[in-house]
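# Fold and geometry: a report
Read off the chains here:
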Amino acid sequence: MMNISNIIERIREIMDDETSTQLQEELNSYHVADLADIFQEMKPEERLQCFKLLDLEKQADLMEYLSPQLQVELLGDIDEEVASKIITKLPHDAAADVLGEMEEDESETYLDTLPQKFSAEVRELLTYNEDTAGGIMNPSVLTVNIGMTVQDVLNHIRIKAEQDNMELYYVYVTDKQNHLLGVVSLRGLMTSPINKKVDDIMISDIVKLHVDDYQDYIADVFMKYQYNALPVVDLYNRLKGMITWDDVQDIVEEETTETIYQSSGISTELVDEDEIISGNIFNAVKARTPWLFITLIGEFIAVNVANHFDSTLSALPVVAIFMPLLAGLGGNIGTQSITLMVRGLSTGQITLSSALHHIFREMLIGLCIGIFFGCITTLVTWGWQHNVELGIVVGIAMAVNMTMATIIGTFTPFALKTANIDPAVASGPVIATTIDVIGLAIYFTMVSTFLLNRIIG
């Protein structure tokens, strides 16, 4: 594991000595993925100085590993002609991503200077929603016609791969109208007789994606079939491009990040994920405020519940000290349940048809855990406060609260999924607030019923 701080210090020492050749050699000794980590920690002027020393190929490779903000920053600080050459060296989908992060007039300027064929293909990618197969795919694919032999295909691969810098996973067989007919793996080509016809070795039962398929579906298909790449077609089965496993890795990372943010009450629909961490402060506030505002309303309801039982608190102030205990354990077990359900629904391990089974199962689990912790709470409270009745009430409230929390935490994702709402939005602040309100109501009702009445009587 490299120490980035030490590397940056070494690079700064070389910069101070003004030996650009030595600095260039130092930078070229690192893999572009490592350079991306190094650039991330550098000052803007240092990044720019180092970036200019890299050769064109390495600059383009590095672009694919940098965050969108750094991509736009570096391209904006170098000569426009050089920037255009770098963009041309990128895969079509990566070029579309970079241009999509720029202001519209700036991206149009670049598109006008790019080679006509490349520019037209990138423009088409930009017309698709960035979260669909059309927006993710690389339109540069290797195609052959059905009448070619294995030898013809191998010759074709050598020419096209060298010319277009294509990613080689599979060879797609199309007709003159570019309709997708079949697919041949490189392994299949290498192990078949050279005079064999393509239609004799191709697979015609093709797993394929549609240009309008969304990224969560794309990830599910890749996970199911375990292919290195999948073709993307339009409504008329015309081959438009392909999506590769590394694209899906980015999708999975993005989906996981989005789920984590949503479960914490951070809205990724209002602000891009990258902006939340390192962008404008106003955007970060905008992303985090909405669910906190909803939580504030919910907690005011919880305060109102406590206020409703002010006579109970006045007569038995000691009961107030157990409120955080009940809220904390109830919130935690509810979050556990909702996490399991959200994850299960997203991976397909859990379906809507099995909702009742999982709700009942989690209820039993919550009851068992609640009874266990309720007994512990009863014994500790009895020994601490020397009041067995208080211990029993707090213990029972604990068991009931934890059971209710698991039911709420399990039921909510299924309810949201049925309403076509992302279940991830139910976790975090929303579920915790709901459990707080119900937990307090249960606790104070039990205290009022079993303790306060006895004292008054």
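Residues numbered from 1 in each chain as written. Predicted model: local features only at pLDDT ≥ 70, side-chain atom pairs only at ≥ 80, totals over all residues. Heavy atoms only, no water.

### Quick look at the overall build of the protein
Let me state the cut-off plainly: Strands are runs of DSSP state E lasting at least two residues, helices are runs of H or I lasting at least four, and both sets are numbered from the N terminus onward. For the radius of gyration, the atoms used are the C-alpha atoms, and the globule rule reads 2.2 Å times the number of residues raised to 0.38. Only protein chains enter the accessibility calculation, which uses a 1.4 Å probe; a residue is then buried when its area is under 20% of its type maximum, exposed when over 50%, and partly exposed in between. Two residues form a contact once any of their heavy atoms are found within 4.5 Å. Residue exposure ignores everything except the shown protein chains as possible cover, and the areas themselves are Shrake-Rupley values with a 1.4 Å probe.
Looking only at helices and strands, the protein has 23 helices and six strands in total. On C-alpha atoms alone, the protein measures out to a radius of gyration of 30 Å, which is more than a quarter above the 23 Å that the 2.2 N^0.38 rule sets for 457 residues. Principal-axis analysis of the C-alpha atoms gives the protein an extent of 95 × 65 × 40 Å. Taken over 457 residues, the protein has a buried fraction of 44%. Long-range pairs, those at least 24 residues apart, make up 65% of the contacts in the protein with a sequence separation of at least 6. Summing over all exposed atoms, the protein offers an accessible surface of approximately 24600 Å²; the carbon and sulfur share of this is 56%.

### Considering the pairing of strand β3 (residues 180-185)
Rule in force here: Only when DSSP finds a minimum of two bridges between them are two strands counted as paired.
Judged from the five bridges that link them, strand β2 (residues 170-174) and β3 form a sheet pairing that is antiparallel. Bridge pairing links T174 to L180 in β3. Connecting β2 to the next strand, β3, in antiparallel fashion are five residues, including N178 with a positive phi near 70°.

### Things to note about the nonpolar core
For clarity, the cut-off: Only buried residues count toward a nonpolar core, which is a set of Ala, Val, Leu, Ile, Met, Phe, Trp, Tyr and Cys residues joined through side-chain atoms within 4.5 Å.
Membership of the largest hydrophobic core comes to 58 residues, with the highest contact counts inside it found for I11, F39, F51, L62, L75, I218 and I243. Setting aside anything within four residues of it in sequence, one finds F39 in contact with R47, C50, F51, L54, L62, L66 and L74. Counting residues in each nonpolar core, the second largest holds 29 residues, with A302, F309, L326 and I431 among its members.

### Thoughts on the side chain of S337
To keep it simple, the criterion reads: Within 3.5 Å is the distance limit for a polar contact, defined as a pair of N or O atoms, with the added protein rule that one can donate a hydrogen and the other accept it, and that residues adjacent in sequence qualify only through two side-chain atoms.
By secondary structure assignment, the location of S337 is in helix α20 (residues 323-347). Engagement of the side chain of S337 in a polar contact is seen with the side chain of E362, the distance being 2.9 Å. The contact partners of S337, leaving out residues within four places of it in the chain, are E362, T406, G409 and T410.

### Focus: empty space enclosed by the protein
Applied cut-off: Of the grid points, spaced at 1 Å and generated over the protein atoms alone, those admitting a 1.4 Å probe that cannot get out make up cavities, while open sets with protein on both sides within 12 Å along at least five of seven lines make up pockets; any residue with an atom within 4 Å of a point is treated as lining. Grid points are joined across faces, edges and corners, and a volume is the space filled by probe spheres set on the points.
Evaluated as defined, the whole model comprises one cavity of 30 Å³ or more. Quantified by volume, the largest cavity comes out at close to 40 Å³. In terms of lining, the largest cavity is formed by M323, L326, A327, N401, I435, D436, G439, L440 and Y443. Of all elements in the fold, only α20 and α23 (429-456) reach the threshold of two or more residues within the lining of the largest cavity. If you tally residues by element for the lining of the largest cavity, the top one is α23, at five residues.

### Considering the pattern of salt bridges
Keep this limit in mind: Definition used for salt bridges: Asp or Glu carboxyl oxygen within 4 Å of a side-chain nitrogen of Lys or Arg.
Scanning the entire structure with this criterion turns up 12 salt bridges. Salt-bridge contacts for K85 lead to E81; the nearest nitrogen and oxygen are separated by 4.0 Å. You can see K85 and its partner E81 sitting in helix α7 (residues 80-89), four residues apart, about one turn around the helix. With a relative accessible area of 44%, K85 lands in the partly exposed category. For R361, the salt bridge is made with E362, and the minimal N-O distance between the two is 4.0 Å. A relative accessible area of 46% places R361 in the partly exposed class. A relative accessible area of 5% places E362 in the buried class. One network of salt bridges, with partners in common, ties together E9, R12 and E46.

### Here's the deal with the sheet that holds strand β1 (residues 143-145)
The cut-off we apply is this: Inter-axis angles, ranging from 0 to 180 degrees, are taken between N-to-C directions of lines fitted to C-alpha atoms, where helices are fitted over the stretch in contact.
Across the sheet, three strands lie side by side as β1-β2-β3; this open sheet has mixed pairing. One side of each edge strand has no neighbouring strand; the edge strands of this open sheet are β1 and β3. Taken over all neighbouring pairs, the strand axes of this sheet differ in orientation by 35° on average, direction set aside. Examined bridge by bridge, β1 and β2 share three bridges and lie parallel to one another. If you follow T143 over to β2, its bridge partner there is Y172.

### Considerations on the sheet that holds strand β5 (residues 229-233)
Taking strand neighbours across the sheet as the criterion, the three strands line up as β4-β5-β6 in an open arrangement whose pairing is mixed. The sheet is open, and its two borders are formed by β4 (209-210) and β6 (239-244), each paired with just one other strand.

### Focus: the packing of helix α1 (residues 4-16) against helix α2 (residues 20-28)
Rules: Roughly parallel covers angles under 35 degrees, roughly antiparallel covers those over 145, roughly perpendicular covers 65 to 115, and oblique covers all other angles. Handedness of a crossing follows from how the near helix is turned relative to the far one, being left-handed for an anticlockwise turn of less than a right angle and right-handed for a clockwise one. Following the grouping adopted for this structure description, the nonpolar residues are Ala, Val, Leu, Ile, Met, Phe, Trp, Tyr, Cys and Pro, the charged ones are Asp, Glu, Lys and Arg, and the polar ones are all others, Gly among them.
Where α1 meets α2, the axes come as close as 9 Å, and the angle between the chain directions of the two elements is 160°. Relative to α2, α1 is oriented roughly antiparallel. In this structure, α1 crosses over α2, and the sense of that crossing is left-handed. Residue-level contacts link R10, I11, I14 and M15 of α1 to Q22, L23, E26 and L27 of α2. Considering only residue class, the contact of α1 with α2 consists of five nonpolar, one polar and two charged.

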